[in-house]
Amino acid sequence: YQRRVRDRFVVGSSLTLLIRLCKQTNKQTNNHQSKSPHKTSLIMGFKRFSVASLDKEEALTEEAEAKYTKYFQKFDKDKSGDIDMEELGKVLAHCHFDFEKIPSALEWMVSLIDLDGSKTLSLGEFKYFVGNLLKWKKQYKKALAKDGGDALTVAGLDAALKKNKYEFTDAQLAQLVPLVDKDGSGELSLEEFLLLSIFVRFVKIQFILADSSDGNGLLDKKEVGGHLPALGLGVDEATLDNLFKGLDTDNSGSLGFEEFAVLCAMIKLR
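Treat the numbers as computed from the prediction; the structure is a model and nothing was measured.

A. Examining the overall build of the protein chain more closely. When helices and strands are tallied, the protein chain shows 14 helices and zero strands. Tracing the protein chain from N to C terminus, the helices and strands come up as α-α-α-α-α-α-α-α-α-α-α-α-α-α. Within the protein chain, counting contacts between residues at least 6 apart in sequence, those at least 24 apart form 69% of the total. When the accessible area of the protein chain is evaluated, it comes to approximately 13,000 Å², of which 53% is carbon and sulfur surface.

Here it is, written out as structure tokens:
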């Protein structure tokens, strides 16, 4: 079961969950049409983040599958069937990424990709990880070209995130950027952008899982608290209550995806 989770559910696939989400998203959308425009928008917006959309977004071509499998076999020096931290560092260096300049970047990165807590990457985890990194690298370069600087500004980051259907406000971005902007420049290097993209992707997976019970595209405090440990985040009840209330601006008792992502970032920064 753990191998199946690692090799396939890394992109959220579960037929049972998909069927439940498809049925319940429609049901919950119809039941909540009378809610405030903000929350209705979030419910409709949940179609952005579903098991099916995640599969489509991260689908690999046969050519890419074969290429990344060869990478895996090449760098799995001890033939353990997993890529450990040291081996992953060599993979990233081979791909011309410089994560060493960011303290503890590699450890944090692995914690967000490694779904079973083994501190290694299976072939499935590895393929989607490399595929996403290379895709996000292209997005960064395009955004940077439009931005016109040496590093990505917050405006450039906003444009890049919107390409992936994220709708963060300026205030929310101001709370997300410090998570990876270790030098406090207010701009993001390629590696900082990639770290943020990895974080947001994993939060998205947890959001989909947390919402699987009712499929309404919103998380109540219980659902939020129940999935924070999966993100490696721990917080006491009083602190969670204060953060939740601060982000739940319309007092509906629920958070949309972007609000949930910001809450996770705020806890990580504490």
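B. Here's a closer look at helix α6 (residues 85-94). Those residues of α6 that fall on the buried side of the exposure criterion are E87, L88, V91 and L92. Viewed end-on, α6 has its buried residues packed into an arc of 140°, placing them on one side of the element. For α6, the elements touching its buried residues are α5 (62-75), α7 (105-113) and α8 (123-147). Backbone nitrogen of E86 and a side-chain oxygen of the N-cap are separated by 3.2 Å at the start of α6; the cap is D84. Following α6 by one or two positions, H96 has its phi on the positive side, about 65°.

C. Region of the structure containing the packing of aromatic side chains. Taken as a whole and assessed by the stated rule, the structure comprises 10 aromatic pairs. Ring geometry for Y68 and Y71: centres 6.4 Å apart, planes at 35°, overall tilted. Of this pair, Y68 and Y71 both sit in helix α5, three residues apart, which is roughly one turn of that helix. Of the residues examined, Y68 reaches a relative accessible area of 8% and is grouped as buried. Aromatic side chains Y166 and F168 sit 6.1 Å apart centroid to centroid with 40° between the ring planes, which places their arrangement in the tilted category. By the ring-pair criterion, three or more aromatic residues cluster together here, those being Y166, F168, F207, F257 and F260.

D. Quick peek at the environment of V51. Relative to the elements of secondary structure, V51 occurs in helix α4 (residues 51-57). Sequence-wise, V51 and I208 are 157 residues apart; in three dimensions their C-alpha atoms are separated by 7.4 Å.

E. Focus on the pattern of salt bridges. Taken as a whole and judged by the stated rule, the model has 10 salt bridges. The residue K135 makes a salt bridge to E57 at a minimum N-O spacing of 3.8 Å. Placement of K135 in helix α8 and of E57 in helix α4 is noted, with a sequence separation of 78 residues between them. When its relative accessible area of 29% is taken as the criterion, E57 is described as partly exposed. We note a salt bridge from K127 to E65, for which the minimum N-O separation is 2.5 Å. Of the two residues, K127 is situated in helix α8 and E65 in helix α5; the sequence distance between them amounts to 62 residues. Residue class for K127 comes out buried when judged on its relative accessible area of 13%. Residue E65 is classed as partly exposed on the basis of its relative accessible area, which comes to 24%.

Scoring rules and cut-offs
Residues numbered from 1 in each chain as written. Predicted model: local features only at pLDDT ≥ 70, side-chain atom pairs only at ≥ 80, totals over all residues. Heavy atoms only, no water. Helix = DSSP H or I, 4+ residues; strand = E, 2+ residues; numbered from the N terminus. Contact = heavy atoms within 4.5 Å. Areas by Shrake-Rupley, 256 points an atom, 1.4 Å probe, with all protein chains shown as cover. Buried < 20%, exposed > 50% of the residue type's maximum accessible area, 1.4 Å probe, protein only. Arc of directions from axis to C-beta. Polar contact = N/O pair within 3.5 Å; in protein donor to acceptor, adjacent residues only side chain to side chain. Phe/Tyr/Trp six-rings, centres within 6.5 Å; stacked < 30°, edge-to-face > 60°. Salt bridge = Lys/Arg side-chain N within 4 Å of Asp/Glu carboxyl O.

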